[in-house]
Amino acid sequence: MTTSATSGTGPADPAGPTENSLRRALKRARDGVALDVSEAAVLLQARGEHLDALTASAARVRDAGLEAAGRPGVITYSKSVFVPLTRLCRDKCHYCTFVTVPGKLRRAGHGMFMSPDEVLDIARKGAALGCKEALITLGDKPEDRWPEAREWLDAHGYDDTIAYVRAISVRILEETGLLPHLNPGVLSWTDFQRLKPVAPSMGMMLETTATRLWSEPGGPHHGSPDKEPAVRLRVLEDAGRSSVPFTSGLLIGIGETYEERAESLFALRKVSRAYHGIQELIIQNFRAKPDTAMRGMPDAELDELVATVAVARHIMGPSACLQAPPNLVDAEYERLIGAGIDDWGGVSPLTIDHVNPERPWPQIEELAAKSRAVGFELRERLCVYPEFVRRGEPWLDPRLRPHVAALADPATGLALPDAPVVGRPWQEPDEAFTASGRTDLHTAIDTEGRTSDRREDFDEVYGDWAALREAAAPGMVPERIDTDVRAALATAADDPTRLTDEEALALLHADGPALDALCKVADDVRKSAVGDDVTYIVTRNINFTNVCYTGCRFCAFAQRRTDADAYTLSLDQVADRAEQAWDVGAVEVCMQGGIHPDLPGTAYFDIARAVKARVPGMHVHAFSPMEVVNGATRTGMSIREWLSAAKEAGLDSVPGTAAEILDDEVRWILTKGKLPAATWIEVIETAHELGLRSSSTMMYGHVDQPRHWLGHLRTLAGIQQRTGGFTEFVTLPFIHTNAPVYLAGIARPGPTVRDNRAVTAMARLLLHPHIPNIQTSWVKLGTEGAAEMLRSGANDLGGTLMEETISRMAGSSYGSYKSVKDLIAVADAAGRPAKPRTTLYGPVPEERQRAARDSDGHLPQLLPVLD
């Protein structure tokens, strides 16, 4: 490899940076001052003595990080096998020789995908040689381009490529003991949930953020839908949201400018800081290959690679793990170590590098000797980096922990070199419903309160608070509204279905007399739509666990399994509470819980069956869309299959919670790992298609603005017009007191009274006539607040609840139970009659009404459940 200073990159200033700019940037780097893009671009062009100075300071940064990590003077690698699961791809990258076409595979005697036997043969041979990683690499979504790929998947019983990747990963774990590291290309959020239980780590190269290299004809990524930089950055973010240890990096020398290369590094740093999930960055140099469109492109030279590694080290900081593939340089390993790398990546004693087949792996002994020559000890790691091995939950799925623990040194998180690599069962955790923790929290929350205002991992579990403040700032700025409120009120009074978005937004900002007039219009529409009855339901909330690692930043309910307030109920306790509720007149139990890492995907079925077995007549209203996705991905079922199975187990309807605000701009500030808006909609529409009705909700008053409320309500109205499956809309004012996003100084302290009135009134108008029932939350607003909402367009008070832990953990001061008499009193305060209802807003049988009347007011004595 040449060390010439000539650049192999795209257009740049032929004169290069000035001496002064180089010296200034080098001084800032040496002094530990944060670089900006222009300074990084200057340093990428350092050569000669300047490059030596740059790499020296980068090496010092690297050494400080290794010292802090407890492995000074250690450089790592992973002993692996390379499994090219399929070489078909829907993309057309102009430099790639990995990808081929069906005809060539057939002529070579290969299938469209490697068969399980072929994969396992490689994995078993690798295990016999002491390999611990199965690097599974494949093209992006080949079935979308090649009918032959679709036919292979259909013939072998797989819905898509991801289903085959999941299945073969389980077999590798069970039959060989190797740990799968998955490189399946662009993944959706749901894909991550499907694959996380079967692979400790995953990866996808960002390559570059230079959009022109994708969008312009002749560019290396032109015609490749999965190489759009915005798409690839979204994948990196979804990996972080899903707590997946993720490998990414740059491919340098494909036509990008120095500024574009620097921008790519800063984009990677931004994702890394936001989610703390990028386990390593690969800096890979372009190598031209015959028979490709870029065969005449000069290779990225060694100085280019060295400078990029050094700049990456300065930008990413001491804690980052940087890798440069050793087979892509000509044994000049000492220069890469000197530039700041701390890892050599996967090295196989068995298989070739199928992406760069002309470049053989170095012998591990050679790597060790070369590393030792410059003062570094070569140590083996697993595919998942030591930091994530030591972090454990939520980064490692419980089903993978035994597999990782068998191969990892518990003290360092590195690989145990002599650990036996043998297959181990991949299975759901045992005893998911063993009662544990503070199972009396449903009553103690009202008498003793919570142990502390935040969980112990507050500073880590939610991502980077500083990055969140920056992301939240634009959305918090109110908009100026110029639309005539009087004209909008006239439209609303005449026909609310004719309200334009501009008029609706003006009304959502209404205040003073205009707000009073809006609420009067909404109340008139309510009366004409559903009459004067204020409905309520005798129901019991059962939150079967609060153990959760999703990282919702608005949620004060979720706890780690080791936190003082954590609990999980047994199936008998769930059934006991349902039976108690039935005895006092309930017609419904509403059951939701945290996303417990030990909870099998079938556990939800067990919960529904337990209630139905104990109380056959009870309506089971249960499992938010987030829980549905969790159940489906853990079982490997589709959302439709899972919901169908849940319905057979006894599920009658689903709560439309986990919606928050159906705008990902807001959702990704409110939550780290919860499902995207599109997936929420998919779950709800699928449930409706299967005959499972649902409620709908909106949580507001945090980092949102009225424009977000409008979009959310329009989305719900559209769903209802398509499916007709919503029973009601529930307003959920944000309870701020113990909410992490508020404690971190990002969110507002909940909605104002004005906000509550405007949201209730506009929900009535914007959802008319599609969703006739608008529910207000007494547990969040109190008696007087709920009565006010009944005068602003609402017609339903929700339920008696009997226990309510989620809002109370967040800091709500309005208790966990309202008797029937209490709810009737709220309706009286609004000057309206009250009427009981069922979940689906039908009449309540007289026997149920009588049971509720006979026990009314005595319910609290029945609440504690004794083990």
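I will try to describe carefully the structure that is included in this document. Predicted model only: the values in this text are computed from it and were never measured. (Residues numbered from 1 in each chain as written. Predicted model: local features only at pLDDT ≥ 70, side-chain atom pairs only at ≥ 80, totals over all residues. Heavy atoms only, no water.)

Helices and strands together make up the secondary structure of the protein, namely 35 helices and 21 strands. Over its C-alpha atoms the protein spans a radius of gyration of 30 Å, differing by no more than 12% from the 29 Å that the globule rule assigns to 867 residues. Taking the principal axes of its C-alpha atoms as reference, the protein extends roughly 85 × 60 × 55 Å. The burial tally for the protein puts 63% of its 867 residues in the buried class. For the protein, contacts bridging at least 24 residues in sequence account for 78% of all contacts bridging at least 6. For the protein, the accessible area works out to roughly 31000 Å², and carbon and sulfur atoms hold 51% of it. (Helix = DSSP H or I, 4+ residues; strand = E, 2+ residues; numbered from the N terminus. Rg over C-alpha atoms; globule rule 2.2 N^0.38 Å. Buried < 20%, exposed > 50% of the residue type's maximum accessible area, 1.4 Å probe, protein only. Contact = heavy atoms within 4.5 Å. Areas by Shrake-Rupley, 256 points an atom, 1.4 Å probe, with all protein chains shown as cover.)

Glancing now at the packing of helix 26 (residues 639-649) against helix 28 (residues 677-689). For the pair helix 26 and helix 28, the least separation of the axes is 10 Å and the interaxial angle reads 50°. When the interaxial angle is binned, helix 26 and helix 28 end up oblique. Considering only the axes of helix 26 and helix 28, their crossing is right-handed. Contacts between helix 26 and helix 28 pair Ile-639, Arg-640 and Leu-643 from the former with Glu-682, Val-683, Thr-686, Ala-687 and Glu-689 from the latter. Here the residues of the contact of helix 26 with helix 28 are counted per class, giving four nonpolar, one polar and three charged. (Axes fitted to C-alpha atoms, helices over the stretch in contact; angles between N-to-C directions. Parallel < 35°, antiparallel > 145°, perpendicular 65-115°, else oblique. Left-handed = near helix turned anticlockwise from the far one by under 90°. Nonpolar A, V, L, I, M, F, W, Y, C, P; charged D, E, K, R; others polar.)

This part takes up the environment of Leu-382. Relative to the elements of secondary structure, Leu-382 occurs in the loop between strand 9 (377-381) and helix 15 (386-391). Since its relative accessible area comes to 0%, Leu-382 is described here as buried. When the C-alpha atoms of Leu-382 and Cys-131 are compared, they prove to be 9.4 Å apart, with 251 residues separating the residues in sequence. In contact with Leu-382, other than residues within four places in its own chain, are Ser-78, Lys-132, Leu-179, Val-404, Leu-407, Ala-408 and Ala-415.

A few words now on the pattern of salt bridges. The full count for this structure, using the stated rule, is 55 salt bridges. The partner of Glu-689 in a salt bridge is Arg-640, and the shortest N-O contact between them spans 2.4 Å. Here the residue Glu-689 occupies a position in helix 28, and Arg-640 occupies one in helix 26, the gap between them amounting to 49 residues. With a relative accessible area of 39%, Arg-640 lands in the partly exposed category. Three or more residues are tied together by salt bridges with common partners; here these are Arg-47, Glu-256, Arg-261 and Glu-304. (Salt bridge = Lys/Arg side-chain N within 4 Å of Asp/Glu carboxyl O.)

Our next topic: helix 12 (residues 302-316). Given a rise of 1.5 Å per residue, 15 residues ought to cover 21 Å, and the 21 Å separating the end C-alpha atoms of helix 12 matches this to within 8%. Here helix 12 lies mainly inside the structure; 15 of its 15 residues are buried. One or two positions beyond helix 12, positive phi appears at Gly-317, with a value near 95°. (Expected span 1.5 Å × (residues − 1).)

Below, the discussion takes up the pairing of strand 6 (residues 278-285). The buried count for strand 6 comes to eight of eight residues, which makes it a mostly enclosed element. With seven bridges joining them, strand 5 (residues 246-252) and strand 6 adopt parallel strand pairing. Residue pairing across strands places Leu-251 opposite Gln-284, the latter belonging to strand 6. Handedness of the crossover joining strand 5 and strand 6 through helix 11 (residues 258-275): right-handed. As defined by bridge partners, strand 6 adjoins strand 7 (residues 322-323) across two bridges and the pair is classed as parallel. Looking across to strand 7, one finds that Leu-281 is bridged to Leu-322. Handedness of the β-α-β unit built from strand 6, helix 12 and strand 7 comes out right-handed. (Pairing = 2+ DSSP bridges. Right-handed = clockwise from strand over helix to strand, strands pointing away.)

So, on to the environment of Arg-71. In this fold, Arg-71 is placed in the loop between helix 3 (49-69) and strand 1 (74-86). Considered as a pair, Arg-71 and Asp-523 are 452 residues apart in the sequence and their alpha carbons are 68 Å apart. Once residues lying within four places of it in the same chain are set aside, the contact partners of Arg-71 are Leu-66, Cys-321, Pro-386 and Glu-387.

Membership of the largest hydrophobic core comes to 128 residues, with the highest contact counts inside it found for Met-591 and Trp-680. Look past the residues within four positions of Trp-680 in its chain and what remains in contact with it is Pro-625, Gly-656, Thr-657, Ala-658, Ala-659, Leu-662, Leu-675, Leu-716, Ile-719 and Phe-726. If you look at the next biggest cluster of nonpolar residues, it comprises 124 residues, including Ala-307, Ile-364, Leu-378 and Leu-400. (Core = buried A, V, L, I, M, F, W, Y, C linked by side-chain atoms within 4.5 Å.)

Overall, the coordinates contain 16 aromatic pairs when judged by the stated rule. Between Phe-192 and Phe-246, the ring centres sit 5.9 Å apart and the planes meet at 70°, which makes this aromatic pair edge-to-face. Of this pair, Phe-192 sits in helix 8 (residues 189-195) while Phe-246 sits in strand 5, placing them 54 residues apart in sequence. The two residues Phe-192 and Phe-246 agree in class, both being buried. Members of the aromatic cluster, connected to one another through ring pairs, are Phe-544, Tyr-604, Phe-605, Phe-623 and Trp-642. One residue, Arg-241, lies across the ring of Trp-668, its end atom 3.8 Å from the ring centre. The ring of Tyr-841 is capped by Arg-837, whose NZ or CZ atom sits 4.0 Å from the centre of that ring. (Phe/Tyr/Trp six-rings, centres within 6.5 Å; stacked < 30°, edge-to-face > 60°. Lys NZ or Arg CZ within 6 Å of the ring centre and 35° of its normal.)

Don't take any of this as a statement about function, it's just geometry.
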